[in-house]
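Fold and geometry: a report
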Amino acid sequence: MLSKKMEKALNAQVGAEMFSSNLYLAMALDFEAKNLKGFGHWLRVQAKEEMGHAMRIVDHLLERGARAVVPALDAPPAAWKSPQAAFDQVLAHEIKVTGMINDLVDLAAAEKDHATGAFLQWFVNEQVEEEAQSVEIVETLKMIGESKGQLFMLNHQLGKREG
Ligand code: FEO
């Protein structure tokens, strides 16, 4: 059985993952409205992944005999002033999520909840990948600067993401 404290903390993480999904979908729609469909595609794939993360946690809650609830979510912004601003926010958001996962790992250790600790390791590894891919895009956008041609090349490349 999960402790009530862990049940609450994992449900909060479900909300954070769902918010991530909505945030990235909102960004995708903004890029698509600005005719940067490759960026939009990449972010739609990411939004789907985030909903998958939420469902993983829901499944863990249910497997452990706990309740999972759909939380109220804040609305994400609707528009970003530039691709750089959007991906700076992606990176900042992923760093924040990594901190939340680390806090959950600490809680699992404090409660000697080894099953949740083992379950969370997947998320620890996933965050390494998510931060790395965000850093790569942020740095590429910095190099691109004001070059429209290079921005369209990156747009094309991001449009090839599988998923
Ligand atoms: Fe589910 Fe991007 O963290």
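Rules used in this analysis
- Each residue is numbered by its place in its chain's sequence as written, counting from 1.
- Where totals are concerned, whole chains, interfaces and linings use all residues; where local detail is concerned, this predicted model gives features only for residues with pLDDT of at least 70, and gives and counts side-chain atom pairs only at 80 or more.
- Note: side-chain values were computed over all heavy atoms of the structure, leaving out hydrogens and water.
- Helix and strand definitions follow DSSP, with helices as H or I runs of at least four residues and strands as E runs of at least two, each counted in order from the N terminus.
- Note on definitions: a residue-residue contact is assigned when non-hydrogen atoms from the two residues lie within 4.5 Å.
- To qualify as a nonpolar core, a set must consist of buried Ala, Val, Leu, Ile, Met, Phe, Trp, Tyr and Cys residues joined through side-chain atoms within 4.5 Å.
- When accessible area is computed with a 1.4 Å probe and restricted to protein chains, residues below 20% of their type maximum are described as buried, those above 50% as exposed, and intermediate ones as partly exposed.
- Grid points spaced at 1 Å and placed over the protein atoms alone form the basis of the search, with a cavity being a set where a 1.4 Å probe fits but cannot get out and a pocket an open set showing protein on both sides within 12 Å along at least five of seven lines. Lining residues have an atom within 4 Å of a point.
- Grid points are joined across faces, edges and corners, and a volume is the space filled by probe spheres set on the points.
- When residues are sorted by character, Ala, Val, Leu, Ile, Met, Phe, Trp, Tyr, Cys and Pro go into the nonpolar class, Asp, Glu, Lys and Arg into the charged class, and all the rest, Gly among them, into the polar class.
- Here a polar contact means two N or O atoms within 3.5 Å. Within protein one must be a hydrogen donor candidate and the other an acceptor candidate, and residues neighboring in sequence count only if both atoms are side-chain atoms.
- A side-chain nitrogen of Lys or Arg and a carboxyl oxygen of Asp or Glu constitute a salt bridge if their distance falls within 4 Å.

**A word on the overall build of the chain**
Assigned secondary structure in the chain consists of five helices and zero strands. What you see in the chain, going N to C, is helices and strands ordered as α-α-α-α-α. Across its three principal directions, the C-alpha atoms of the chain cover 55 × 25 × 25 Å. Considering only residue pairs separated by 6 or more positions, the chain has 81% of its internal contacts joining residues 24 or more positions apart.

**A short note on the nonpolar core**
Counting residues in each nonpolar core, the largest one holds 23 residues, and the members touching the most others are Y24, M27, F31, F39, L43, F87 and L141. Secondary-structure elements contributing two or more residues to this core are helix 1 (4-33), helix 2 (37-63), helix 3 (83-110), helix 4 (114-144) and helix 5 (148-158). In terms of residues, this core owes the most to one element, helix 1, which gives six residues. In contact with Y24, not counting residues within four places along its chain, are L43, Q46, A47, E50, V90, H93 and E94. Counting 18 residues, the second largest nonpolar core, distinct from the first, contains M6, L10, L107 and L120.

**A word on empty space enclosed by the protein**
Under the counting rule described, the total for this entry stands at one cavity of 30 Å³ or more. In this structure, the largest cavity occupies an estimated 40 Å³ of space. Y24, W42, L43, Q46, V90, E94, E130, Q133 and S134 together form the lining of the largest cavity. Counting only elements with at least two residues in the lining of the largest cavity, the list comes to helix 2, helix 3 and helix 4. Within the lining of the largest cavity, the residues separate by chemical class into four nonpolar, three polar and two charged.

**Structural notes on the layout of surface pockets**
A volume near 260 Å³ is recorded for the largest pocket. For the lining of the largest pocket, the leading source of residues is helix 5, giving three residues. Of the residues in the lining of the largest pocket, the class split is six nonpolar, five polar and three charged.

**Observations regarding the environment of K37**
Assignment of secondary structure puts K37 in helix 2. Distance from K37 to L158, taken between C-alpha atoms, is 8.9 Å for residues 121 residues apart in sequence. Not counting chain neighbours up to four residues away, the residues in contact with K37 comprise E32 and N155. At 3.4 Å, the side chain of K37 and the side chain of N35 are in polar contact.

**A word on the pattern of salt bridges**
Using the criterion set out here, one finds six salt bridges in the structure. The shortest N-O distance in the salt bridge between E32 and R44 comes to 2.8 Å. Residue E32 is found in helix 1, and its partner R44 is found in helix 2; the two are separated by 12 residues along the sequence. In this structure E32 comes out as buried when scored by relative accessible area, which is 19%.

The values are spatial; any link to function lies outside them.
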